[in-house]
Amino acid sequence: MGVSRGDVTRQMILERALSLASELGLEGVTIGHLATDLNLSKSGLFAHFQSKEALQLQLLDFAALRFFEIVIRPAMAFPAGENRIRAMFENWLAWPKPEALPGGCFFVAAATELDDRPGSLRDRLVELQVRWLGVLAESARQAVAEGEFRPEIDGEQFAHDVYGVMLAFHHAARLLRDPKARARARTAFESLLAAARRPLVAVPVEGELTSGLGNRGPGRESLTPERIGV
């Protein structure tokens, strides 16, 4: 079934609205502003969205779908565990591309704008962010199940800490214009992974186990480190 002209127009409107919202905030995205920006009639845009709030709600869902396609879906190609978490983190760093989101991460901007504004927009943003934190937490639990993370790791805490790294990255990159912001974010993320990993276990090479107190055990070069349970 082909894509209708109306669907194509709606997609174009939402893409432009997402770009504007990253710079102007959700309140800056109005039917009138978009009509002027896209050289469309207000009545034509109104037919698609009916109201400013409906436009903004659909914009939140559109941004969430884009985030899923850019950050989450490609990472699902990796096996469950640390490699998948690492892929999601790298995709997350790349998500706010300047050509699509000139104002940086849409969700960070929306959170700042809506955190003290009760209503349907805030509720929807909270729902979307809780879902994303849930994906990160579940990914950490899968890493535990795979034997890659320590069994006592709290998935929700791990998700919280990873999110904190990304918020710091956004602050350093956008406000401070720190040229090392990305490198600092990766260093912080690697520290989280290192703290979460199960310790390596030394496995003696066959034939090197000897009895007697005179042998203190195999030399360092004879150990084969591997992760427990892997």
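As the structure is a prediction and not an experimental result, all values here were calculated from the model. (Residues numbered from 1 in each chain as written. Predicted model: local features only at pLDDT ≥ 70, side-chain atom pairs only at ≥ 80, totals over all residues. Heavy atoms only, no water.)

A closer look at the overall build of the protein
Reasoning step 1: What the protein contains, in helices and strands, is nine helices and two strands.
Reasoning step 2: Helices and strands appear in the protein in the N-to-C order α-α-α-α-α-α-α-α-α-β-β.
Reasoning step 3: Relative to its 230 residues, the protein shows a buried fraction of 36%.
Reasoning step 4: A separation of at least 24 residues holds for 66% of the contacts in the protein among residues at least 6 apart in sequence.
Reasoning step 5: Within the structure as shown, the protein displays about 13200 Å² of accessible surface, and the carbon and sulfur contribution to it stands at 56%. (Helix = DSSP H or I, 4+ residues; strand = E, 2+ residues; numbered from the N terminus. Buried < 20%, exposed > 50% of the residue type's maximum accessible area, 1.4 Å probe, protein only. Contact = heavy atoms within 4.5 Å. Areas by Shrake-Rupley, 256 points an atom, 1.4 Å probe, with all protein chains shown as cover.)

A closer look at the environment of E27
Reasoning step 1: Along the polypeptide, E27 turns up in the loop between α1 (5–24) and α2 (31–38).
Reasoning step 2: Counting along the chain gives 25 residues from E27 to K52, while the straight-line C-alpha distance between them is 8.9 Å.
Reasoning step 3: For E27, the contacting residues outside a window of four places in its chain are K52, Q56, E113 and R117.

Let's talk about the pattern of salt bridges
Pairing between side chains of opposite charge can happen when the charged atoms of each approach one another.
Reasoning step 1: Tallying each qualifying case throughout the model produces 17 salt bridges.
Reasoning step 2: Notably, a salt bridge pairs D37 with R16, separated by 2.2 Å at the nearest N-O pair. Residue D37 is located in helix α2, and its partner R16 is located in helix α1; the two are separated by 21 residues in the primary sequence.
Reasoning step 3: The shortest N-O distance in the salt bridge between E27 and R117 comes to 3.0 Å. Residue E27 is found in the loop between α1 and α2, and its partner R117 is found in the loop between α6 (106–114) and α7 (120–145); the two are separated by 90 residues along the sequence.
Reasoning step 4: Each member of the salt-bridge network shares a partner with another, and the members are E27, K52, E113 and R117. (Salt bridge = Lys/Arg side-chain N within 4 Å of Asp/Glu carboxyl O.)

Quick notes on the layout of surface pockets
Reasoning step 1: In this structure, the largest pocket encloses a volume near 550 Å³.
Reasoning step 2: Of all the elements in the fold, those that place two or more residues in the lining of the largest pocket are α4 (52–75), α5 (82–94), α6, α7 and α8 (155–175).
Reasoning step 3: In terms of residue count, the dominant contributor to the lining of the largest pocket is α8 (seven residues).
Reasoning step 4: Classifying every residue of the lining of the largest pocket by side-chain character gives 23 nonpolar, three polar and six charged. (1 Å grid on protein atoms, 1.4 Å probe; cavity = no way out; pocket = protein on both sides within 12 Å on 5 of 7 lines; lining within 4 Å. Points joined across faces, edges and corners; volume = space filled by probe spheres on them. Nonpolar A, V, L, I, M, F, W, Y, C, P; charged D, E, K, R; others polar.)

Observations concerning the side chain of H170
Reasoning step 1: Examined against the element boundaries, H170 turns out to sit in helix α8.
Reasoning step 2: If near-sequence neighbours (up to four positions away) are discounted, H170 is found in contact with G103, G104, C105, V108 and L175.

Structural notes on the confidence of the model for the protein
Reasoning step 1: Of the residues in the protein, 86% reach a pLDDT of 70 or more, and the chain-wide mean stands at 87.
Reasoning step 2: For residues 211–230, every residue scores under 50 in pLDDT, and the model assigns this stretch 30 contacts once sequence neighbours within four places are set aside. (pLDDT = per-residue confidence, 0-100.)

Describing the packing of α6 against α7
Reasoning step 1: Between α6 and α7, the least distance of the axes is 10 Å, while the angle of their chain directions is 135°. Taken together, the axes of α6 and α7 lie oblique to each other. Where α6 crosses over α7, the two elements pack in a sense that is left-handed. Touching F107, A110, A111 and L114 of α6 are L121, R122, L125, L128 and Q129, all from α7. (Axes fitted to C-alpha atoms, helices over the stretch in contact; angles between N-to-C directions. Parallel < 35°, antiparallel > 145°, perpendicular 65-115°, else oblique. Left-handed = near helix turned anticlockwise from the far one by under 90°.)

Here's the deal with α6
Turn by turn, an α-helix covers 3.6 residues, leaving residues three or four places apart pointing in a common direction.
Reasoning step 1: Along α6, the positions that sit buried rather than exposed are F106, F107, V108, A110, E113 and L114.
Reasoning step 2: Each element contacted by the buried residues of α6 is listed here: α1, α4, α7 and α8.

Overview of the nonpolar core
Reasoning step 1: Core analysis: the biggest nonpolar cluster contains 61 residues, and L34, W92, F106, F107, W132, F149 and F158 have the highest contact counts within it.
Reasoning step 2: If one sorts the elements of this core by residue count, α4 sits on top with nine residues.
Reasoning step 3: In this view, F158 contacts I85, L136, A140, F149, L192, L193 and A196; residues no more than four positions away in its chain are not counted. (Core = buried A, V, L, I, M, F, W, Y, C linked by side-chain atoms within 4.5 Å.)

Focus on the packing of aromatic side chains
The way to describe two aromatic rings as a pair is by their centre distance and the angle between their planes.
Reasoning step 1: One pass over the structure, following the stated rule, counts ten aromatic pairs.
Reasoning step 2: Consider the rings of F67 and W132, whose centres lie 5.0 Å apart with planes at 75°: the pair is edge-to-face. Note that F67 is positioned in helix α4 and W132 in helix α7, a separation of 65 residues in sequence. A single burial state applies to F67 and to W132, both of which are buried.
Reasoning step 3: With a centroid separation of 3.9 Å and an interplanar angle of 5°, the aromatic rings of F89 and F189 are classed as stacked. With F89 in helix α5 and F189 in helix α9 (residues 181–196), the pair connects residues that are 100 residues apart, well separated along the chain. Taken as a pair, F89 and F189 share a single burial class, namely buried. (Phe/Tyr/Trp six-rings, centres within 6.5 Å; stacked < 30°, edge-to-face > 60°.)

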